[in-house]
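# Observations on chain architecture
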Amino acid sequence: MTPRKLLLIPALLLAITALSQLAPTHFDGKTWWGYVKVLAADDMQGRETGSKELLNAEAYVVTQLKQEGLQPAGRNGYYQPVKFMSRQIVEQDSSLALVHDRKTEPLTLGDDAFFSSRVDLAPSVEAPLVFVGWGLSVPEKNYDDLVGLDLKGKVAVLINGSPSELPGALSAHYQPSAERWKALHKAGAIGTIGIPNPASMDIPWSRMSLNRTHVTMTLADPKFNDTDGAKLYVTFNPAKADILFAGSGHGWREIVDAAKQRKQLPRFPLAVSIKAKAKLEKHEIESNNVVAKLPGSDPQLKNEYVVLSAHIDHIGVGQPVNGDSIYNGAMDNASGSAVLLDIAASLNKSRDQPKRSILFLFVTAEEKGLLGSRYFTAYPTVNRKAIVADINTDMFLPILPLKVLTVWGLAESDMGDDARQVADARGIQVQADPEPQRNVFIRSDQYNFIRHGIPALMMGIAPDPNSPEQKQLFRDWLTHRYHAPSDDLDQPVDLSSAAQYEEVVRGLLIKVADQQQRPEWKSDSFFRRYAENPAGY
Ligand SMILES: [Zn+2]
């Protein structure tokens, strides 16, 4: 060693010490990527719920969990079987038309509109249309878009989203089709035509429409039916929506401009009615959640559980985009499933085990409407009251270095404070949901825990709010890769960012598992209501 080099050592040491506070200590991103490569490989065929390839992916996960010494905690070993009803629209035997002044104007399925097969579509429907604005009823705010409208036997036309006057949590709660439908059904409506709000479309119409004939699913048990009484569900192309308003005295332009700014919307009967014929093909399907347990080390606290969840299903094989028809779902959500496997392995190697037990939960059918987690929280494989928290990870997007972390649910429970502390210690800035209108907090599996009163959150890597380039990178990812075949193993991924993310999840998991007090909802959290009064199924 030359003296010159010796002189460099103190500086180098200093740099290493400074870095070591931030550098991952349990993960290197490589084992994580190794798991992703297996789960998102082409031979997994996009892990469609009910497919044999999803079974293969789950068998791989179970092998890894066994290897890491985790205990089975399903119903059938590591598996919790779940039954579904699948539905598929047969478009050649289905049609949509608008009737105006006794003239019938056929609509082009795919171009103008398409059926949602998530509801039990009636073979034929003919009904007047009523524009109901946002179509929301929020008793807490004395807000009711349906008041004064005659909806008996009619189909409600609405815009997806919510007005800015409604606080984020409230509007998030009332927007899912289940909640919205309850109020519409009560008012007498027999169906809906939903128009996506161009201001908050993650996916362009062309791609939404591309997979409209894809299989949809509901849980087989009718007690989970959210759209009881719905005969018609249609999604309408916002670029073509003008024809719905013909003769009504209002134009689509005026409405969409107000909707983009999340303003109050007018509500009125439309001059056109709808004529629909729908043919559905139905099948019974079975799939599984996978559940594994790492027993806690504390004699008392080990009887309680912290759930670490991720959905393992994706949307299978669909219409080709650029010649590729396999929707690999590498980020959505092989990435999250891989985090669970990586953390399971790291905890197995660690000498101090968390005090509470950890449940590693890989749910199925998230892409079908959070169904696997809904089933698990309705029929948990451990005592539900003993589940103290859920940390969910879904599409956390390590496509940039982790400097800013979005915590969905940051202000809702004291787990948000825990997450902030863990991130702070690594020099990572934490932010609440920067785009509440996208409703991400209720769009993944944590929501089913929340509805049972269990504090939950989800975290994801975010673009720097001050960097237009980074924000554009994320927007481009959603437009081009989200639910597209290009969410595959060929996309650029930042392994050290993934490793940092895993450190934060692991840190939060241990913190929650070791704390004497179980996490609690904040006294002013909207979601606290479910702790007193669970939403049921
Ligand atoms: Zn998805």
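Residues numbered from 1 in each chain as written. Predicted model: local features only at pLDDT ≥ 70, side-chain atom pairs only at ≥ 80, totals over all residues. Heavy atoms only, no water.

### Points about the overall build of the chain
Looking only at helices and strands, the chain has 14 helices and 22 strands in total. Scaling as 2.2 N^0.38, a compact globule of 537 residues should have a C-alpha radius of gyration of about 24 Å, and the chain matches this with 24 Å. Taken along the three principal axes of its C-alpha coordinates, the chain extends 90 × 55 × 50 Å. In the chain, buried positions account for 57% of the 537 residues. Counting contacts in the chain only where the partners sit at least 6 residues apart, residues at least 24 apart contribute 83% of the total. Carbon and sulfur atoms provide 51% of the accessible area of the chain, an area that totals close to 22700 Å². Seen as two clouds, the 58 positive and the 63 negative side-chain charges of the chain have centres 2 Å apart. (Helix = DSSP H or I, 4+ residues; strand = E, 2+ residues; numbered from the N terminus. Rg over C-alpha atoms; globule rule 2.2 N^0.38 Å. Buried < 20%, exposed > 50% of the residue type's maximum accessible area, 1.4 Å probe, protein only. Contact = heavy atoms within 4.5 Å. Areas by Shrake-Rupley, 256 points an atom, 1.4 Å probe, with all protein chains shown as cover. Lys, Arg positive; Asp, Glu negative; His and termini not counted. Charge placed at Lys NZ, Arg CZ, Asp CG, Glu CD.)

### Things to note about the coordination of the zinc ion
For the zinc ion, the protein coordination sphere consists of Asp 332 (OD), Glu 367 (OE), Glu 367 (OE) and His 483 (NE2), at 2.0 to 2.5 Å. Here the zinc ion is ringed by 4 donor atoms whose angles at the metal span 56 to 140°, and the overall shape comes out irregular. Mapping the donors of the zinc ion onto the primary sequence yields the spacing D-x34-E-x115-H. Taken together, the residues Asp 332 in helix H8 (residues 330–349) and Glu 367 in the loop between strand E18 (357–363) and helix H9 (371–378) connect sequence positions 35 residues apart. (Donors = N, O, S within 2.8 Å, 3.2 Å for Na, K, Ca; no water. Tetrahedral: all angles 85-135°; square planar, octahedral: opposite > 155°, others 65-115°.)

### Re the confidence of the model for the chain
Counting all residues, the mean pLDDT for the chain is 92, and 96% of those residues have values of 70 or more. A low-confidence stretch, residues 1–21 (pLDDT under 50), is modelled with 4 contacts involving residues beyond four sequence positions or located in other chains. (pLDDT = per-residue confidence, 0-100.)

### Some details on empty space enclosed by the protein
This model, assessed by the stated rule, comprises 1 cavity of 30 Å³ or more. Here the largest cavity is characterised by a volume of approximately 40 Å³. In this structure, the largest cavity is lined by Arg 374, Thr 377, Ala 378, Asn 448, Arg 451, His 452, Gly 536 and Tyr 537. For the lining of the largest cavity, the element with the highest residue contribution is H9, accounting for 3 residues. (1 Å grid on protein atoms, 1.4 Å probe; cavity = no way out; pocket = protein on both sides within 12 Å on 5 of 7 lines; lining within 4 Å. Points joined across faces, edges and corners; volume = space filled by probe spheres on them.)

### Digging into the pattern of salt bridges
Close approach of charged atoms allows side chains of opposite charge to pair. Under the defined criterion, the tally for this structure stands at 20 salt bridges. Residue Arg 451 is joined to Glu 179 by a salt bridge in which the shortest nitrogen-to-oxygen separation is 3.4 Å. Of the two residues, Arg 451 is situated in the loop between helix H11 (446–450) and strand E22 (456–462) and Glu 179 in helix H5 (residues 177–186); the sequence distance between them amounts to 272 residues. Several salt bridges share partner residues, and in doing so they unite Arg 87, Asp 120 and Lys 282 into one network. (Salt bridge = Lys/Arg side-chain N within 4 Å of Asp/Glu carboxyl O.)

### Some details on the pairing of strand E3 (residues 95–100)
Summarising the sheet, E3 and strand E13 (residues 268–277) pair through 5 bridges and their orientation is antiparallel. Bridge pairing links Ser 95 to Lys 277 in E13. Counting the residues between successive antiparallel strands, the hairpin from E3 to strand E4 (residues 103–106) contains 2 residues, one of them, Asp 101, with a positive phi of roughly 55°. (Pairing = 2+ DSSP bridges.)

### What to know about the packing of aromatic side chains
Within this structure, the stated rule accounts for 17 aromatic pairs. Geometrically, the ring pair formed by Phe 376 and Phe 449 is tilted, given 6.3 Å between the ring centres and 40° between the ring planes. One end of the pair, Phe 376, is in helix H9; the other, Phe 449, is in helix H11, and 73 residues separate them in sequence. Relative accessible area serves as the criterion here: at 0%, Phe 376 is assigned to the buried category. Overall, Phe 449 belongs to the buried group, its relative accessible area being 0%. For the pair Trp 477 and Tyr 482, a centre-to-centre distance of 6.5 Å together with 40° between the ring planes defines the contact as tilted. Across this residue pair, the class does not change: Trp 477 and Tyr 482 are buried. Joined through ring pairs, the aromatic side chains of Trp 32, Trp 33, Phe 396 and Tyr 501 make up one cluster. (Phe/Tyr/Trp six-rings, centres within 6.5 Å; stacked < 30°, edge-to-face > 60°.)

### Considerations on the nonpolar core
Residues Phe 115 and Leu 129 are the most contacted members of the largest nonpolar core, which totals 87 residues. Core analysis: the next-biggest nonpolar cluster, separate from the first, contains 72 residues, Ala 330, Ala 389, Phe 396 and Leu 397 among them. (Core = buried A, V, L, I, M, F, W, Y, C linked by side-chain atoms within 4.5 Å.)

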